[in-house]
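Structural features, examined
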Amino acid sequence: MISLTRHILDRQQSHPDHTGALSAMMTHIALCGKLIARDLNQAGLSGLLGTTGTTNVHGEQVRTLDERANRTFVDVFEESDVVRVVVSEEMEEPFAIKRAQGSGTYALFLDPLDGSSNVDVNAPLGSIFSIHRVGASGSILKAGREQVVGGYVLYGASTLLVYTCGDGVHQFTLDSAVGEFFLSGSGIHIPPRGKICSVNTGNQSKWPGAMRKVVEHFQMGGDETGPSRTARYSGCLVADVHRILWKGGLYLYPGEVKKPAGKLRLMYEAAPLSFVVEQAGGLGSTGEERILSLQPRMPHQCVPLIIGSREDVEFVEQCLQGGSR
Ligand code: AFP
């Protein structure tokens with residue numbers, strides 16, 4: 001059994017010029033995952049369900065557990081000097097870590113609790129993280145392809161930590177009895193095509209015509225050349241993309257006519273998940289451009305997302321760009 005700690009140390013030793021910063025950050029993220037998993041397990045018994053009565057930077061209701069998960073990440077990283085700044089869905093402004101102002105060379109982007117409305121019905125949730133090097137000028141807004149680490153924790157039937165630092169995708173499962181993550185998948189490869197189409201069709205009337213046609217096409221039996229489709233949607237991006245990582249297919253969150261950038265956030269949802277999926281051989285796209293090539297303009301910027309098996313994403317891109325159908 002290879003623990004996450006062991007895995008990180010082994011990888012660190014294979015890079016002679018390592019500083020230990022990456023290992024420290026992964027250790028902190030794993031600790032946050034364990035603490036949040038514990039909170040979720042006990043949520044119904046310890047009065048942690050429900051909302052705080054406030055809204056976040058995206059105008060969404062903040063749940064008690066959103067706030068708590070955000071606090072967990074901030075508290076853990078405040079004790080360390082590797083991450084200089086934290087950008088989170090739950091904080092309007094980037095948060096400077098005092099201890100790291102002289103030493104920290106990294107910026108951490110976070111969705112501390114993805115799919116948080118699932119908590120009331122005991123359905124899966126996630127945490128998404130992305131780490132960038134802070135630029136020489138102090139800039140933190142960099143294209144996704146420059147990520148140092150991207151990944152997520154999935155709180156489901158078990159708690160998983162999935163990450164990449166550009167050398168393939170590694171998956172760890174939490175053994176809660178001993179409080180350690182153990183390697184449960186390495187070199188994960190997403191099938192080039194898949195059956196699953198994961199999309200909230202309740203929004204169909206708001207999409208541009210070309211996107212409606214693509215989804216109708218899948219609903220009517222799919223393309224002659226591809227597999228027939230089956231629908232899956234949990235309302236938790238991490239859980240839906242994780243299913244596709246293993247089984248193949250597509251996750252779509254399109255832009256809307258009145259809101260072309262859609263709902264999902266580039267820096268702490270689309271980019272880290274695209275980094276993971278592309279490291280597994282898949283693709284992440286807006287329909288026009290690769291997610292990982294986008295130059296961000298704002299920390300909380302939204303983007304349309306089409307992510308999953310390479311050939312499936314390319315098929316949707318062609319349809320949207322008026323190509324073969
Ligand atoms: P948050 O709980 O972090 O706001 O994320 C929820 C989410 O962005 C993502 O997890 C889901 O895929 C998506 O929203 C579901 O949205 P719809 O309810 O609009 O389908």
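Worth saying up front: this structure is predicted, and the values here are computed from it rather than measured.

**A word on the sheet that holds strand S7 (residues 149-155)**
- Pairing in this open sheet of 8 strands is mixed, and the strands run S4-S3-S5-S6-S7-S8-S9-S10 from one edge to the other. With one partner strand each, in any of the chains shown, strand S4 (95-96) and strand S10 (180-186) form the two edges of the open sheet.
- Alignment of S7 against strand S8 (residues 159-164), held across 6 bridges, turns out to be antiparallel. Paired with Leu-154 across the strands is Leu-160, a residue of S8.
- Strands strand S5 (106-114), strand S6 (125-133), S7, S8 and strand S9 (170-175) of the sheet are contacted by helix H5 (residues 237-247), whose axis makes an angle of about 105 degrees with S7.

**Focus on the nonpolar core**
- Core analysis: the largest hydrophobic core is formed by 42 residues, its most contacted members being Phe-77, Leu-108, Phe-129 and Leu-161.
- Broken down by element, the residue count for this core peaks at 9 residues, all from helix H2 (residues 21-42).
- Contacts of Leu-161, omitting those with residues within four sequence positions, involve Leu-4, Met-26, Ile-29, Ala-30, Phe-129, Tyr-152, Val-153, His-170, Gln-171, Phe-172 and Phe-181.
- Counting 39 residues, the second-largest nonpolar core is a separate cluster that includes Val-134, Leu-154, Tyr-268 and Leu-305.

**Some details on the side chain of His-7**
- Summarising the element assignment, His-7 is placed in helix H1 (residues 4-13).
- You can call His-7 buried: its relative accessible area is 6%.
- Discounting residues that sit within four places of it in the chain, His-7 has contacts with Ile-2, Tyr-163, His-170, Phe-172 and Leu-183.

**Quick look at the sheet that holds strand S12 (residues 230-231)**
- Here 5 strands make up an open sheet; going across it, the order is S12-S11-S13-S15-S14 and the pairing mixed. Each edge of the open sheet is held by one strand with a lone partner, namely S12 and strand S14 (283-285).
- As paired elements, strand S13 (residues 249-253) and strand S15 (residues 305-308) share 4 bridges and run antiparallel to each other. Counterpart to Leu-250 in the pairing with S15 is Gly-308.
- Lying over the sheet, helix H6 (residues 266-279) contacts S14 and S15, oriented at roughly 25 degrees with respect to S15.

**Topic: the site of the ligand**
- Every one of the 18 residues lining the ligand counts as a neighbour, but Asp-114, Asn-200, Tyr-233, Tyr-251 and Tyr-253 are closest to it.
- One of the side-chain N or O atoms of Asp-114 is found 2.6 Å from an oxygen atom in the ligand.
- Contact distances for the ligand include 3.5 Å between an oxygen atom and a side-chain N or O atom of Arg-265.
- In isolation the ligand exposes 480 Å². Once the protein is present, 84% of that is buried.
- For the shell around the ligand, the elements supplying multiple residues, two or more each, are S5 and S13.
- For the shell around the ligand, the leading source of residues is S5, giving 3 residues.
- A class-by-class count of the residues in the shell around the ligand yields 7 nonpolar, 4 polar and 7 charged.

**Some words on the domain arrangement of the protein chain**
- In terms of domain boundaries, the protein chain breaks down into domain 1 (4-186) and domain 2 (196-320).
- Of note, the centres of domain 1 and domain 2, computed from C-alpha atoms alone, are 23 Å apart.
- Across the contact, 45 residues belong to domain 1 and 31 residues belong to domain 2.
- Across the interface of domain 1 and domain 2, roughly 2800 Å² is buried in total on both sides, 66% from carbon and sulfur atoms.
- It is Ile-128, Leu-141 and Tyr-152 in domain 1 that bury the most area against domain 2; as a group they hold 21% of the surface buried on that side.
- Between Arg-265 and Glu-60 there is a salt bridge, with its nearest N and O atoms 2.5 Å apart.
- Counting the contacts that link domain 1 with domain 2 gives 17 residue pairs in polar contact (both at pLDDT 80 or more).
- Of all the secondary-structure elements, those providing two or more residues to the side of domain 1 that touches domain 2 are strand S3 (83-88), S5, S6, S7 and S8.

Conventions used here
- Residues numbered from 1 in each chain as written.
- Predicted model: local features only at pLDDT ≥ 70, side-chain atom pairs only at ≥ 80, totals over all residues.
- Heavy atoms only, no water.
- Pairing = 2+ DSSP bridges.
- Helix = DSSP H or I, 4+ residues; strand = E, 2+ residues; numbered from the N terminus.
- Contact = heavy atoms within 4.5 Å.
- Axes fitted to C-alpha atoms, helices over the stretch in contact; angles between N-to-C directions.
- Core = buried A, V, L, I, M, F, W, Y, C linked by side-chain atoms within 4.5 Å.
- Buried < 20%, exposed > 50% of the residue type's maximum accessible area, 1.4 Å probe, protein only.
- Near = heavy atom within 4 Å.
- Polar contact = N/O pair within 3.5 Å; in protein donor to acceptor, adjacent residues only side chain to side chain.
- Areas by Shrake-Rupley, 256 points an atom, 1.4 Å probe, with all protein chains shown as cover.
- Nonpolar A, V, L, I, M, F, W, Y, C, P; charged D, E, K, R; others polar.
- Domains from an automatic or database assignment.
- Buried area = accessible area lost by both parts, 1.4 Å probe.
- Salt bridge = Lys/Arg side-chain N within 4 Å of Asp/Glu carboxyl O.

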